[in-house]
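# Structural description and commentary
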Amino acid sequence: MAAKAPAVIGVLTEPPAPTWWKVNRHKVFGVTGLLIGYLLGTHLHGAPAQQPETPRPGHTTPAPAAPGEHSMHTAHGLAA
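What counts and what doesn't
- Residues numbered from 1 in each chain as written.
- Predicted model: local features only at pLDDT ≥ 70, side-chain atom pairs only at ≥ 80, totals over all residues.
- Heavy atoms only, no water.
- Helix = DSSP H or I, 4+ residues; strand = E, 2+ residues; numbered from the N terminus.
- Buried < 20%, exposed > 50% of the residue type's maximum accessible area, 1.4 Å probe, protein only.
- Areas by Shrake-Rupley, 256 points an atom, 1.4 Å probe, with all protein chains shown as cover.
- Phe/Tyr/Trp six-rings, centres within 6.5 Å; stacked < 30°, edge-to-face > 60°.
- Patch = residues over 30% accessible without salt bridge, like charges linked within 9 Å, V, L, I, M, F, W, Y side chains within 5 Å.
- Salt bridge = Lys/Arg side-chain N within 4 Å of Asp/Glu carboxyl O.

### Structural notes on the overall build of the protein
Looking only at helices and strands, the protein features one helix and zero strands. Taken across its 80 residues, the protein has 1% of its residues classed as buried. As displayed, the protein has an accessible area near 8400 Å², and 66% of this comes from carbon and sulfur atoms.

### Thoughts on the packing of aromatic side chains
Tallied over the entire structure, the rule returns one aromatic pair. Pairing Trp21 with Phe29 gives two aromatic rings, centres 5.6 Å apart and planes at 80°, and the pair type is edge-to-face. On the basis of relative accessible area, Trp21 is assigned to the partly exposed category, the value being 40%. What makes Phe29 exposed here is its relative accessible area of 53%.

### Things to note about a nonpolar patch on the surface
A cluster of nonpolar side chains, namely Trp20, Trp21 and Phe29, defines an oily patch on the protein surface of about 410 Å² accessible area. Position of Phe29 relative to the elements: it lies in helix H1 (residues 20-43).

Next up, the structure:
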């Protein structure tokens, strides 16, 4: 019997060199994210601190009623 020649199953070739983008895209995204974060952190300020309200004078007696009105109302709206 004659020996068979070996069959070629596949050909190995070296893949092409990766592009600049494939090599450095993680660096570009990282620097871009840091830059955006810095800009957001330094240019967007939170709500300003609320100033405490100055105490207003309290009323110990009701304001004078206009003529024709009852001088004081109860919780039910009837004159006392």
